[in-house]
Structures are given as C-alpha cells and as structure tokens.
Amino acid sequence: MLSDQIQTQINRELQKYPADQRQSAVMAALRFVQDEKGWISTEDMADVAVYIGMPQMAVYEVATFYHMYNLKPMGEYTLTVCTNLSCQLSGCNETLLHLKNKLGIGLGEITPDGKFGLREGECMGACVDAPLLTINNKKMCGRLNSEKIDQILSELEGGQA
Amino acid sequence: MSANLILTTAADGLADLDNYIKAGGYQALRKVLSTKMSQDAIIAEVKASGLRGRGGAGFPTGLKWSFMPRNYDGVKYLVCNSDEGEPGTCKDRDILRYNPHLLIEGMAIAAYAIGAQAGYNYIHGEIFEAYEVMEAACETARKAGYLGKNVLGFDFEFDLFNHMGYGAYVCGEETALLESIEGKKGQPRFKPPFPASYGLYGKPTTINNTETLASIPWIISNGGKKFADLGVPNSGGIKLFSVSGHVNNPGNFEIPMGTPFKTLLEMAGGVRGGNKLKAVIPGGSSMPVLPADIMMEVNMDFDSIQKAGSYLGSGAVIVMDETTCMVKALERLAYFYFEESCGQCTPCREGTGWLYRIVHRIEHGDGKPEDLDLLLDLCENIAGRTICALGDAAAWPVQGFLKHYRKEFEYHIEHKRCLV
C-alpha cells in the first residue's frame, strides 16, 4: 500500500499531465516512494502500477532504467559521489577514498548501523563545483575536501540533513 | 546587478518575481501580447538573431520553430530540455536556480510563436534544488497571471510544468526526453517522424534547450539583429560557457561568441597552480579533445572550433593541465558512455562496452599494441550507425584522444605506466 502522503504527492503530480496520460507521473511516484522508504521494492512497484493504472512491468522498466532509484536499501543517507571527468580532474578519487575510509564501506554498500550508503554517480551537471556529492538525491555539496566531508558526515550523524 | 543578458547569480535575486519585474522582466512577453506580434514576425526576429541551439547540436532556433504545423487542430507542446548531463556542462542550472522567470518568459514567447498551449521543463534529476526553484517560480508566475488561461489578460493560454529526470544521460536526446515525460524508459525514437509532427503524446512538439529559450526575451526586446551583432557571423549573440577542471576559478561565464579561448581561460583564473595547459575539451565530453597549442589560437564560436577539429557543443570547457594522464581521462569518459547507453542499438550497446574495456586494460597495464587500431575500428562501426547521437558521442572522444595523444597510449601499452 502506498501511504497517504505518497498518494497525495502523486495526485499533485498527476495534475501536470493530461488526464489520459497518468503514466507520465510514474517517475515522480517512484521518487516519492524512495523519499519515504529509502528504496523501492518490487512490491512498491506493483503498488505504483495499480495506483497509476499501468502494467507492473512498465513500472519495473522505469525503475531499473534510471540510475537514481535505489533498488535495494541504501541507508538513511545515500551519498552519491560523481566520478566523471571534471570531478576526476578535481580530486573525486580522494573524496571517494576519504568517504570509504571514514565509513568503512565500499561503493554500493551501507554502514552496519544503516545510517550511510555510498553510491557512484554520473555527471550531476554542476561540474564547476567539482568534486561533489548528493545526499538522498536532494542536497548537493560541492568543492569537497576532507574537512568539508567530515563536517557533512558529523552533521548527518547529528540527524540534521 | 550583473551586466549579463542571461547569466546571473544568487546575489542578483532575480528568482524573486518582484525583483525580476523591477529589472524589466516580462516586458518582452507583454510587448508580444499587447502589440499582437505575429508568429511570423517573432520567428523572423529569432532567425535574424542567428540564435543556434545551445544544448549541443547548434541547430538554428528560428528554423526549428518554423517546422511546427500552423493549422493543426489540437494541442501542441513546447518542451524545454534542462536535462543537462553532458560532462562539463552546468550552465542551465544557473538559469534555473537564479533566473527562472527569464526561462518562463522565454518559453511563453516561444509557445506563442509556435502555437503551443502547454509546456514541460525536463530538469536533470541531480539538481533537485533547481527543480524546487522552478516549481516555486511557476507557481508564482501562475498566480500573477504570467502563466495560465489568459496570460496577462490577453487571449493567450500557456501553462508550464516541471518534470524531473532521475539519472539518465540519454534523456538529453530530445525524443528520449519525450519518452521519459510519457513515463517510459528513455530510449530515443527513430526519426522521422520528427517531433514537430509527432512529439509528446504524439502531438506536434518543439524541444529547445534552456539557454536557448532564456535568450528569447532579450532578442524580442532588443531585436534579432542586435543579438546577432554581439557575436560573429554564423554564431550570433552571447553564449554561456562552463569552465571546469584544472583552472583556478571554475565557473560559468557569459561571453560574446567569437571571444578568444585565451580570454575565457583568463576569466577562469588561468591554469591551476601556474601549471602548463595540456589539453581542452571545448564543448562537453562528447567533443574531440584539442591540444593546448591549437586551443590557444581558437575563438569560442561554432566555425572557429570546427575548423580546429572539434565542436562548440554545449559550451562546456574541460581544462586539463600537464599532469593529466590522457589514458585515464579517456577511460572515465569511455565508462560514462558504456554506462549510459540505453541498450537499444547493438553498435552502441556492445561497442561502448568494447571501448571501455579496451581503454581500461590499457590504463591498467594490460594493453596490446593492436588495441589502438582496434579502438579506431570500433569507432568506425559505432558512429553514424545508431538511432541517436550517443553512439557518435562515444566514438568522438576516443578518436580525438588517439588523434592527438596516440604516443601516450603507446607508451602506456609498452611501459605499463603513465607518461606523465
């Protein structure tokens, strides 16, 4: 079952599209599920399919096509680090190494307490602020260095996103 | 207040509607509606401006608009491509978050010119904060009468909605983007039919880049010729450039077309740490890389860069200094296209994997002497043989890096380590 909040959010999104084009809201619907649950299970996809009125397979296709959907639990805070060329030239390998050491996890993994997950991202379209990461696909942090990363982590540890 | 036409900063405060209006905002739209400018007159003005698509392909905007059917009985759409994911490119993000009403105004004028009643702005998934600014700006504009049924009280209807991407580079291709808005996998459509006859939901649709549409209000207010005169022949107007990589002051810069690269590099603070410039990708990661000596003689316009052997593309300038290993740089780009291929066309789906694995093994000391010719052979078999340009985009960097830095690749294969 989709929560009331998710249903409300989807309904608002549906207003953007012609009444006979409900499928257009599927990307947003999956995003809302991920925002609430941290990741999207196949059961969630089935619920989205029923709510929007489209084949479950078509929802699955969308969920697996776009990189930013988490198809497994990725922690309370998913940190996605861009490693593309501008970020590579600006030191993203050091960023990633620092995060891996600090969190004790590798890419695609989560910390034992479930607090943090680490992902590698593709170009985020903010290259002049390289190196950068996003937190839960919402907040972007740029011009990273070790001190800045430590600060971000300790703020998140304290519970303030 | 910034003297730029398009590029502003947070300090300019133009995301606020009142500030935007105080700065002369929405006057171009008012002019169009109050003087009942004809669609032909607007399109003629845009043609005269020499404005060419700022997303990468450089197609003349006025010409594109003229492809829209006139006597079509039904809904037509205008779509803004803000899915800015070509590595190195981040100019549209600054328009979205710092100057959203400029985009809304530009889209309203464009919609009027092509007869579209509704528009969608497809925003790159990773820049959620820009999406939020656009959502708020559309809401404010709707309440203030700049969007909706009777725009500014005139007999003109246009509403605009933001659609967020969620991490697929290929959705920057216009028909993949349309598929994505329709709630599908972002796989490019076979053309023809082109979007002007069969676009979003099968309706006539025009897709323009964010910066392109944001250029429209100034052109309408000041005249196409004046815009064209800011640039050089065949590259009208001003253009935003994102300078990233090994520079002291990475950032977005608005400069007239035809400005020497040397000047742009100075604006970006020069090469970091006083290092020597080695190479530049002048137009986003898909465009062939150019060595420093060629780049330092190039002007930033379509023709000048093409003559030098690359393309202006999206205006994303990636600067690499003398410490850069070209094999490692290409390895990352090859991985990107491999990762982002939508899988629809065999040459791209399989070929990008081949390209990546070969460059990867060269970088990691397992390259073979015949690998370089194999790479070029693969490029020949990918470029031009796919539905969309992602195939070409994967091949061009490989060809560019090998054309200018083949020795570095040979050194890597022979010595199993970097030359730098």
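Higher on the page you've got the structure.
Definitions and cut-offs
- Residues numbered from 1 in each chain as written.
- Chains lettered and ligands numbered in written order.
- Predicted model: local features only at pLDDT ≥ 70, side-chain atom pairs only at ≥ 80, totals over all residues.
- Heavy atoms only, no water.
- Helix = DSSP H or I, 4+ residues; strand = E, 2+ residues; numbered from the N terminus.
- Expected span 1.5 Å × (residues − 1).
- Buried < 20%, exposed > 50% of the residue type's maximum accessible area, 1.4 Å probe, protein only.
- Arc of directions from axis to C-beta.
- Contact = heavy atoms within 4.5 Å.
- Axes fitted to C-alpha atoms, helices over the stretch in contact; angles between N-to-C directions.
- Parallel < 35°, antiparallel > 145°, perpendicular 65-115°, else oblique.
- Left-handed = near helix turned anticlockwise from the far one by under 90°.
- Nonpolar A, V, L, I, M, F, W, Y, C, P; charged D, E, K, R; others polar.
- Pairing = 2+ DSSP bridges.
- Salt bridge = Lys/Arg side-chain N within 4 Å of Asp/Glu carboxyl O.
- Polar contact = N/O pair within 3.5 Å; in protein donor to acceptor, adjacent residues only side chain to side chain.

Undergrad: How do you make sense of helix H7 (residues 146-157) of chain A when you look at a structure like this?
TA: Owing to its 3.6 residues per turn, the α-helix aligns residues three or four sequence positions apart on the same side. All names here are of chain A. When the terminal C-alpha atoms of H7 are compared, their 16 Å separation across twelve residues agrees well with the 16 Å that a helix rising 1.5 Å per residue should span. Among all positions of H7, only Ile149, Ile152, Leu153 and Leu156 are buried. Looking straight down H7, one finds that the buried residues subtend no more than 95° of arc, so they occupy a single side. Elements that come into contact with the buried residues of H7 comprise strand S1 (77-82), helix H6 (92-103), strand S2 (116-121), strand S3 (133-135) and strand S4 (139-141).

Undergrad: Teacher, can you tell me more about the packing of helix H16 (residues 346-363) of chain B against helix H18 (residues 390-415) of chain B here?
TA: Angle between the axes and distance between the axes: these two values describe a pair of packed helices. Residue and element names in this part refer to chain B. Axis separation between H16 and H18 bottoms out at 12 Å; the angle between their running directions is 20°. Judged by the angle between their axes, H16 and H18 are roughly parallel. In this structure, H16 meets H18 at a crossing whose hand is left-handed. The segment H16 lies against H18, with Cys348, Thr352, Leu355, Ile362 and Glu363 engaging Leu390, Gly391, Ala394, Val398, Phe409, His412 and Ile413. Class assignment for the residues of the contact of H16 with H18 results in eight nonpolar, three polar and one charged.

Undergrad: Explanation requested: the sheet that holds strand S4 (residues 205-209) of chain B in the structure shown.
TA: Strands pair in a sheet through their backbones, by hydrogen bonds, and they do so in one of two ways: parallel or antiparallel. All names here are of chain B. Spatially, four strands are ordered S3-S2-S1-S4 in an open sheet, and the strand pairing comes out parallel. For this open sheet the edge positions go to strand S3 (159-164) and S4, each flanked by a neighbour on one side alone. Between one strand and the next, the sheet's axes are offset by a mean angle of 20°, whatever the strand orientation. Packing against the sheet, helix H7 (residues 128-143) makes contact with strand S2 (118-123) and S3, and its axis sits at approximately 165° to S3.

Undergrad: How should the interface of chain A and chain B be read in this particular structure?
TA: Frequently, the measure chosen for interface size is the accessible area removed from exposure when the parts meet. In this complex, chain A contributes 44 residues to the contact, which on the side of chain B involves 61 residues. The salt bridge involving Lys185 of chain B is made with Glu61 of chain A; its shortest N-O contact spans 3.9 Å. Here chain A and chain B share 24 residue pairs in polar contact (both at pLDDT 80 or more) between them. Among the elements of the structure, helix H2 (26-37), helix H4 (56-65), helix H5 (85-89), S2 and S4 of chain A are those that each provide at least two residues to the side of chain A that touches chain B. Classifying every residue of the side of chain A that touches chain B by side-chain character gives 18 nonpolar, 16 polar and ten charged.

Undergrad: Help me out: how do you make sense of the packing of H2 of chain A against helix H3 (residues 42-52) of chain A in this one?
TA: Residue and element names in this part refer to chain A. Look at H2 against H3: their axes get within 10 Å of each other, and the N-to-C directions meet at 140°. Between H2 and H3, the angle falls in the class oblique. Pair H2 / H3 crosses with right-handed handedness. Residues Val26, Ala29, Leu30, Val33 and Lys37 of H2 pack against Asp44, Met45, Val48 and Ile52 of H3. Tallied by class, residues from the contact of H2 with H3 come to seven nonpolar, no polar and two charged.

Undergrad: What is the right way to read the sheet that holds strand S9 (residues 290-291) of chain B from this model?
TA: Residues and elements named next belong to chain B. Strands sit in the order S6-S5-S11-S8-S9 across an open sheet of five strands; the sheet is mixed. Every other strand in the sheet has two partners, leaving strand S6 (251-256) and S9 as the edge strands with one partner each. Here strand S5 (residues 238-245) pairs with strand S11 (residues 316-321) via four bridges, running parallel. Bridging from a neighbouring strand, Ser244 pairs with Ile318 of S11.

Undergrad: Explain the pattern of salt bridges to me, please; I cannot follow it from the model alone.
TA: Proximity of charged atoms lets side chains of opposite charge pair with each other. Under the criterion given, the structure shown has 32 salt bridges over all chains. The closest approach of N and O atoms between Lys115 of chain A and Glu76 of chain A, which form a salt bridge, is 3.7 Å. You can see Lys115 of chain A sitting in the loop between H6 and S2 and its partner Glu76 of chain A sitting in the loop between H4 and S1, a full 39 residues away along the chain. Judged by its relative accessible area of 14%, Lys115 of chain A is buried. Here the salt bridges share partners, and the residues they tie into one network are Arg54, Lys91, Asp92, Glu211 and Lys239 of chain B.

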